[in-house]
Amino acid sequence: MTNPLCDPYFILAKVYQGGKYLKQAIADTPIEPLNKARTVKICYGVMEKDIYLSHIISSNTQKQPKSSVKIILKIALYMLEFMDKHDYMVVDSAVQLIKKLGKDGASGFVNAFLRSYKLPAIPTKAEEAISVAASAPLWLVKKLRRSYKGEAEEILSAPSQGVCVRFAGSAEKYLDKPHTETPFDGVYIFKNFVRDENFYTGGYTFQSVGSVAICSVVDPCEKLLDACAAPGGKSVLLSGKCKSVTATELHAHRVELINSYARRMGAKVEAVQADSTVFNPEYENYFDGVLCDVPCSGTGVINENPDIKFFRKESDIPSLNQTQLAVLKNCSRYVKRGGKLYYSTCSVLPEENDSIIYEFLKDNSDFVLDIPDSPLAHRKTKFGLQFLPHISLGAGFFVTAMVKGTQKDG
């Protein structure tokens, strides 16, 4: 029987030691097909509980174990604490794996640790307690406590609701599976959903409810620009209500992602390689609508991408803010008079959302705020709609709209 810790270890080593994002590490690692679901569950679980697992390790050791040993301990702890696996099987598999890696000298330590560790108390300080309980970085806890007060832990701990599927045709044959309805036609969230041939023929696609919510506030128009558009889900959905959709993306391989997505769904989208912070004279005053779904911290989708908590640093935010404002300012020049400029993120941080809109409007008096509405549960902020994971079916997104008028209109 294959060691159940082996495949998760080789995947997670690429994350912890190699700096790869989890989805890419899984895609790049040969996995035993029979146990793929278990392996993926373990990998996502370890990343989701990373800080809590680290807290257990540091509370039961005098010094931090070496990286490879620590990864094995985290996998074993996750299996013991969250998967209800037999102690002897997990401990034996962990010891076998450490030996297989040529680290026989550490096998005794791994064996002793897993047989004797105690669950530590949660820290008494509120922010540190949330950091451990929600397994979220302390800097993020502090920011959310300032912005959302007592809801911070709920936001950080909100689980994934499942797999969100948007059907282009009838969904009837799939609705016998456990699912949650969303306020959007043809969009359902399933506890489990196995891809079949209808995916490849454009019968449905996987698109988050937050992404669909953003598209729902965009008005039908003749010519729409979707900036920073990869992988293309929004462009494809918006092509159903806008006559012409141009999707721009910085890197060539991401442009191909948009093209591939559009081909699969039978949608007409013009994908163009372009830097959304650099002015294109051909686009000036050309589009009826421009959507800027800007690069962001991803703090609103950590329940789907738990490695964001590991990779994202507080020091990243100012640089992201500069890019966000640069994209918005540049692309605003592409909006026709009377047209709309939309701004969206998958972040729950006000400094990436309201603060960016405030800064933009302060220097662009020809734009007037026009906050949309949405059937998806949300909080209305001063400058837009904030979807939050614990109230919005797991989605943490922001969206708003502004109308381009004339100087005297402002």
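Residues numbered from 1 in each chain as written. Predicted model: local features only at pLDDT ≥ 70, side-chain atom pairs only at ≥ 80, totals over all residues. Heavy atoms only, no water.

**Remarks on the nonpolar core**
Move 1: Core analysis: the largest hydrophobic core is formed by 53 residues, its most contacted members being L144, L156, F184, L224 and F387.
Move 2: In this structure, L12, I26, Y52 and I71 belong to the second largest nonpolar core, which totals 44 residues. (Core = buried A, V, L, I, M, F, W, Y, C linked by side-chain atoms within 4.5 Å. Buried < 20%, exposed > 50% of the residue type's maximum accessible area, 1.4 Å probe, protein only.)

**With respect to the pairing of strand β13 (residues 398–404)**
Move 1: Most of β13 is tucked away: six of the seven residues are buried.
Move 2: Sheet topology places strand β9 (residues 335–345) next to β13; six bridges connect them, and they run antiparallel. By the bridge assignment for β13, Y343 is matched with T400.
Move 3: Relative to β13, strand β10 (residues 367–369) runs antiparallel, the two being bridged by three bridges. Considered in β13, the bridge of V368 is made with V403. (Helix = DSSP H or I, 4+ residues; strand = E, 2+ residues; numbered from the N terminus. Pairing = 2+ DSSP bridges.)

**What about helix α12 (residues 209–216)?**
Move 1: Burial of α12 is extensive: seven of the eight residues sit out of reach of the surface.
Move 2: By the burial criterion, the buried members of α12 are V209, G210, S211, V212, A213, I214 and C215.
Move 3: For α12, the elements touching its buried residues are β1 (163–167), β3 (187–190), α13 (233–238), β8 (287–293), β9 and β13. (Contact = heavy atoms within 4.5 Å.)

**Topic: the packing of helix α1 (residues 6–16) against helix α5 (residues 67–82)**
Move 1: Their axes nearest at 10 Å, the elements α1 and α5 cross at an angle of 125°. The angle between α1 and α5 places the two elements in the oblique class. Relative to α5, α1 is oriented so that their crossing is right-handed. Note on element contacts: α5 touches α1 through S68, I71, I72, K74 and I75, opposite P8, Y9, L12, A13 and Y16.
Move 2: Per-class residue counts for the contact of α1 with α5 are eight nonpolar, one polar and one charged. (Axes fitted to C-alpha atoms, helices over the stretch in contact; angles between N-to-C directions. Parallel < 35°, antiparallel > 145°, perpendicular 65-115°, else oblique. Left-handed = near helix turned anticlockwise from the far one by under 90°. Nonpolar A, V, L, I, M, F, W, Y, C, P; charged D, E, K, R; others polar.)

**Notes on helix α7 (residues 107–116)**
Move 1: Residues S107, V110, F113 and L114 constitute the buried set of α7. The buried residues of α7 occupy an angular sector of 135° when the element is viewed end-on, so they sit on one face. (Arc of directions from axis to C-beta.)

**A short note on the side chain of K234**
Move 1: Residue position: K234 is located in helix α13.
Move 2: Once you skip the residues sitting within four places of it in the chain, K234 turns out to touch Q207, S211, I214, C215, D226, L291 and D293.

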